[in-house]
Amino acid sequence: MRASVVMLAGMRLLVALGLLLSCARPGEAPRVDATEEHVRRVTQAVDDERLRNAGADPGNWLTHGRTYAETRYSPLDQIHAGNAAELGLLWSYDLATRRGVEATPIAIDGFLFVTAPWSVVHAVDARTGRALWTYDPQVPRRYAELACCDVVNRGVAVYRGRVYAGTLDGRLLALDAATGRLVWEVLTVDQKRPYSVTGAPRIVKGKVVIGNGGAEFGVRGYVSAYDAESGALVWRTYTVPGDPSQPFESEALARAAVTWSGSWWKAGGGGTVWDSMAYDPELDLLYVGTGNGSPWSRYARSPGGGDNLYVSSILALRPDDGSLVWHFQSTPGDNWDYTATQPIHLAELEIDGSLRKVLMQAPKNGFFYVLDRETGAFLSARPFVEVTWAKGLDPKTGRPTEADDLDYREGPVVVKPSTYGGHNWHPMSFNPQTGLVYLPAQEIPSVHLADAAFSPKPFGWNTGTDFAVYRDLPREAAKEVTGRLLAWDPVRQREAWRVEHGLAWNGGTLTTAGNLVFQGTADGRFVAYRADDGTRLWEAPAQTGVIAGPVSYLVDGRQVVSVMVGWGGVFALAAGDAARAAGVRSVGRLLTFGLGGTATLPEADPLPDVPPPPAFALEASAEEVRRGGTLYQRSCGVCHGLQVVGGGVIPDLRFASRRVHEEFVAIVLGGTRQAQGMPSFAGRLESDEVRAIQAYVLARAREDAAAGGAN
């Protein structure tokens, strides 16, 4: 079977009104789960009206950002600044994964629906932390190489008794919420192109809205809407124009085409809708963020210049047909991988004495934007991290003025923010009581160098930049990488307070009516802060890096907080020393906390510091080792880490065994470990190039073993 449903084992004893059943293992408390009928009844009640009114349902977390406004604010206040120190772990649920965990749980009347890496869907009893069912869509492991940023998934949507999820290989699934059985699946992408799906779908007016990723590899972005009942495609909106020799799909794309030059369509164009969405039912506008251009470098993508609409933009669409109402482009002619796919918040703010319906976003490019969400008009923006790529913004239009001397065709150029962004996908939250937005900000420099020999490839990275520039980057540069929890005033456009973490790639945030902000950290903590001033009130160990966003809801009238944990994502894979500084391994779990909780987690295995001297010899000249370093950065570094320093997710090649080195060519070219997610590079690398890479890996292992430390 392509997909499998694993149902709970054990006797099911029907009790009171057929709603509950219980069973117990020796030495454990009685287990209380729900019957299929109960789960079905609860989830079937999630319809369009209930989603529109999710703000009036504080006990549940019905959609990705709790409400259509996506502000991740919980009106619950049983847990508050006065008693947060009494929090403790209630239960944990093992996701059986060691890859990055990025999902936001959906909580409905005591049940949780979540996704894990490889697009596996779990249904969990929120009272006990016991599995109801697990659905594995059996994503082929070769798709690991088509996911720029780990084999992650950010969550599900629940609607009228079904659970909807996207899969890494581009499918959209509809599952029976009570049993986990597949109702239907549709293919949302052309699998002959390097598309992937990692984002959570949204439900709007009976439609399942889903985007895709792949701009790093060379695809054309779009967002699609499917009928929730049948899976039939209702509409599809492309975000960038295609081949101009063919009719454009809309007038909006015809207008966009004049902002492009060259043969952009041959490399896809980019603009993928891989994460953020929000919906305003009153205006009947669906907002989506679009990604970077493909390739990253506009010198290769659109050599004659131009804004390249609609990359790095926010689009306001009509949800009935996907037609474009307005757009705002935060990074015209994007040259830096500055996506605008970061979370979108809808709120009402008093600006210049008037209450305005606004849209807020802190995209990768480092500016915090406030727009009129009815018209798309620019209201304000200010840098929330250090910005060196732009001199500033036009105060009327918000259009940036790029800094001088940043043409990276002439040589390496360092800019801030980096391709990781001043803020990435990690959820931020907005508290209407404090008027503040809480976002995981980060300070990371990025080095860009044009690939002089670039030409589009059918598969593989198509950035138009040369990753080999990182081969000789000083290891000390990792110390410049930092992150913080930032409280931002969107009206005054200034920082209210900050908590420095020292590390980047920290988790998303949740804020509550109890004057609290919750956030997990890269170094394995889950923390509660006072929302008005940032005072730390409580923390608990997570035993792994936390990058996902927490949620809060009621279980039998009791407020709890749940968060998915598991170190991973593109930074943990690729950032080398900066990622390894977190000192954690990836262990995927769902954790739930409440007042008085006393559960504990098992001790985590420490991340080893010192690689052993390699038990394998390979004759190679200094020039061959240097060549191997160039090839490693171009082909291997995005997964195995900058300069062969693993971030604690997939194998650190400095610690590779003799057997791995004996099978090195077979692994890299023969694909002998493709079932574990290691792709074959046959057709992209020659055997002598693989040997050069191996020589570089061995040289780096010897270097760090001799130095007596991995960092």
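All values derive from a computational prediction rather than experimental measurement. Along each chain, numbering runs from 1 in the same order as the chain's sequence is written. Given that this is a predicted model, residues contribute local features only at a pLDDT of at least 70 and side-chain atom pairs are listed and counted only at 80 or more, while totals for whole chains, interfaces and linings are drawn from all residues. Based on all heavy atoms of the structure, the side-chain values leave hydrogens and waters out of the count.

Thoughts on the overall build of the protein
Move 1: Each helix and strand counted, the protein has 11 helices and 42 strands in total.
Move 2: It is over C-alpha atoms that the radius of gyration is taken, and the globule rule equals 2.2 Å times the number of residues to the power 0.38. Relative to the 2.2 N^0.38 estimate, which gives 27 Å for 711 residues, the radius of gyration of the protein is 24 Å and therefore close to what a compact globule would have.
Move 3: Here the protein holds 711 residues, and 64% of them are scored as buried.
Move 4: Within the protein, counting contacts between residues at least 6 apart in sequence, those at least 24 apart form 63% of the total.
Move 5: For accessible areas, the Shrake-Rupley method is used with a probe of radius 1.4 Å. Any residue's cover is judged against the shown protein chains and nothing else. Summing over all exposed atoms, the protein offers an accessible surface of approximately 25,400 Å²; the carbon and sulfur share of this is 51%. Secondary structure elements are defined from DSSP: runs of H or I of at least 4 residues count as helices, runs of E of at least 2 residues count as strands, and each element is numbered from the N terminus. Only protein chains enter the accessibility calculation, which uses a 1.4 Å probe; a residue is then buried when its area is under 20% of its type maximum, exposed when over 50%, and partly exposed in between. Contact criterion: two residues are considered in contact whenever any of their non-hydrogen atoms come within 4.5 Å of each other.

Description of the state of the cysteines
Move 1: Disulfides are defined in this document as cysteine sulfur pairs within 2.5 Å. Under the counting rule described, the total for this entry stands at 1 disulfide.
Move 2: Each sulfur in the disulfide pair Cys148 and Cys149 lies 2.1 Å from the other. Because the sign of the S-S torsion sets the handedness, a value of about -80° for the bond joining Cys148 and Cys149 places this disulfide among the left-handed ones.
Move 3: Not part of a disulfide, Cys636 finds its nearest cysteine sulfur in Cys639, a span of 8.8 Å.

What about the side chain of Asp489?
Move 1: Position of Asp489 relative to the elements: it lies in strand β34 (residues 482-489).
Move 2: Assessed through its relative accessible area of 11%, Asp489 is described here as buried.

Here's the deal with unusual backbone geometry
Move 1: For the bond running from Leu309 to Tyr310, omega is 5°, close enough to zero to count as cis.
Move 2: Backbone geometry places Val644, a non-glycine residue, at a positive phi of 60°.
Move 3: The topology assignment puts Val644 in the loop between α8 (637-640) and α9 (658-662).

So, helix α7 (residues 622-635)
Move 1: Compared with the 20 Å implied by 1.5 Å per residue over 14 residues, the 20 Å span of α7 between its first and last C-alpha is a close match.
Move 2: When α7 is considered as a whole, its buried residues turn out to be Gly628, Gly629, Thr630, Leu631, Tyr632 and Gln633.
Move 3: Those residues of α7 hidden inside the fold are in contact with α8 and α11 (687-707). Working rule for helices: expected span equals 1.5 Å times residues minus one.

Digging into the confidence of the model for the protein
Detail in the predicted coordinates should be disregarded across regions flagged by low pLDDT.
Move 1: Summary of the metric used: pLDDT quantifies the predictor's per-residue confidence within the range 0 to 100. Scored by pLDDT, the protein comes out at a mean of 93, with 95% of its residues at no less than 70.
Move 2: When the criterion is pLDDT under 50, residues 1-33 qualifies, and its contacts beyond four places in sequence or with other chains add up to 74 contacts.

With respect to the packing of α7 against α11
Helix-helix packing: each pair is described by the crossing angle between the helix axes and the interaxial distance.
Move 1: Angles here are taken between N-to-C directions and fall from 0 to 180 degrees, while the axes themselves are lines fitted to C-alpha atoms, restricted in helices to the stretch in contact. The N-to-C vectors of α7 and α11 enclose an angle of 100°; their axes lie 7 Å apart at closest approach. Our classification of the angle between α7 and α11 gives roughly perpendicular. Contacts between α7 and α11 involve Glu624, Val625, Arg627, Gly628, Gly629, Leu631, Tyr632 and Gln633 from the first element and Asp688, Glu689, Ala692, Ile693, Ala695, Tyr696, Val697 and Ala699 from the second.
Move 2: Any residue that is not Ala, Val, Leu, Ile, Met, Phe, Trp, Tyr, Cys, Pro, Asp, Glu, Lys or Arg is counted as polar, Gly included; the first ten are nonpolar and the last four charged. When its residues are assigned to classes, the contact of α7 with α11 shows 9 nonpolar, 3 polar and 4 charged. By the definition adopted for this analysis, an angle is roughly parallel if under 35 degrees, roughly antiparallel if over 145, roughly perpendicular if from 65 to 115, and oblique otherwise.

A few points about the pattern of salt bridges
Move 1: Salt bridge, as used here: a side-chain nitrogen of Lys or Arg that lies within 4 Å of a carboxyl oxygen of Asp or Glu. In the structure shown here, the tally under the stated rule is 53 salt bridges.
Move 2: Two residues, Arg50 and Asp57, come together in a salt bridge whose shortest N-O distance is 3.1 Å. Asp57 carries the same exposure label as Arg50, and that label is buried.
Move 3: With its nearest N and O atoms 3.2 Å apart, the salt bridge here joins Arg171 to Glu185. Of this pair, Arg171 sits in strand β12 (residues 171-176) while Glu185 sits in strand β13 (residues 182-187); the two residues are 14 residues apart in sequence, bridging distant segments of the chain.
Move 4: Salt bridges linked by common partners bring Arg475, Asp577, Arg580, Asp652, Arg654, Arg700, Glu703 and Asp704 together as one network.

Things to note about the pairing of strand β8 (residues 120-125)
Move 1: Across the 6 residues that make up β8, a large majority, 6, are buried.
Move 2: Residues Val120, His122 and Val124 line one face of β8 and the alternating positions Val121, Ala123 and Asp125 line the opposite face, and both faces are buried.
Move 3: Pairing between strands is defined by DSSP: at least two bridges between the two strands are required. One ladder, built from 6 bridges, connects strand β7 (residues 111-116) with β8; its direction is antiparallel. Along β8, the bridge assignment pairs Val114 with His122.
Move 4: Taken together, β7 and the strand that follows it, β8, pair antiparallel across an intervening segment of 3 residues, in which Trp118 is found at a positive phi of about 65°.
Move 5: Between β8 and the antiparallel strand that follows it, strand β9 (residues 130-136), lie 4 residues; Gly129 among them carries a positive phi value of about 75°.

Quick look at the environment of Leu669
Move 1: Within the secondary structure, Leu669 sits in helix α10 (residues 664-670).
Move 2: Considering only alpha carbons, one finds Leu669 and Asp652, 17 residues apart in sequence, at a separation of 19 Å.
Move 3: If we ignore the near neighbours within four places in the chain, the residues touching Leu669 are Ser680, Phe681, Ala682, Leu685, Glu686, Ser687 and Val690.

Here we look at the nonpolar core
Across soluble globular proteins, nonpolar side chains have a tendency to be buried as a group.
Move 1: Residues enter a nonpolar core if they are buried and are Ala, Val, Leu, Ile, Met, Phe, Trp, Tyr or Cys, with the set joined through side-chain atoms within 4.5 Å. Among the nonpolar cores identified, the biggest contains 102 residues, and Phe113, Trp133, Val163, Tyr164 and Phe518 are the most heavily contacted of them.
Move 2: Non-local contacts of Phe518, meaning those with residues more than four positions away in its chain, are made with Ile79, Leu87, Gly508, Thr509, Leu510, Thr512, Phe526, Val527, Ala528, Trp538, Pro550 and Val561.

Comments concerning the sheet that holds β12
Move 1: The antiparallel open sheet is built from 4 strands, whose spatial order is β10-β11-β12-β13. Because the sheet does not close on itself, it has two edges, and the strands there are β10 (157-159) and β13. Averaged over all neighbouring strand pairs, the angle between strand axes comes to 20°, with direction disregarded.
Move 2: For β12 and β13, the ladder comprises 5 bridges, and the chain directions are antiparallel. Following the sheet pairing, Leu173 is matched in β13 by Glu185.

A short note on the environment of His448
Move 1: Along the polypeptide, His448 turns up in strand β33 (residues 446-448).
Move 2: Relative accessible area serves as the criterion here: at 2%, His448 is assigned to the buried category.
Move 3: As for His448 and Val415, which are separated by 33 residues in sequence, their C-alpha atoms are 8.0 Å apart.
Move 4: Setting aside anything within four residues of it in sequence, one finds His448 in contact with Asn335, Trp336, Tyr408, Gly411, Pro412, Val413, Val415, Thr419 and Thr465.
Move 5: Nitrogen and oxygen atoms within 3.5 Å of one another constitute a polar contact, given that in protein one can donate a hydrogen and the other can accept it, and given that sequence-neighbouring residues count only through two side-chain atoms. A polar contact is formed between the side chain of His448 and the side chain of Ser446, at a distance of 3.4 Å.

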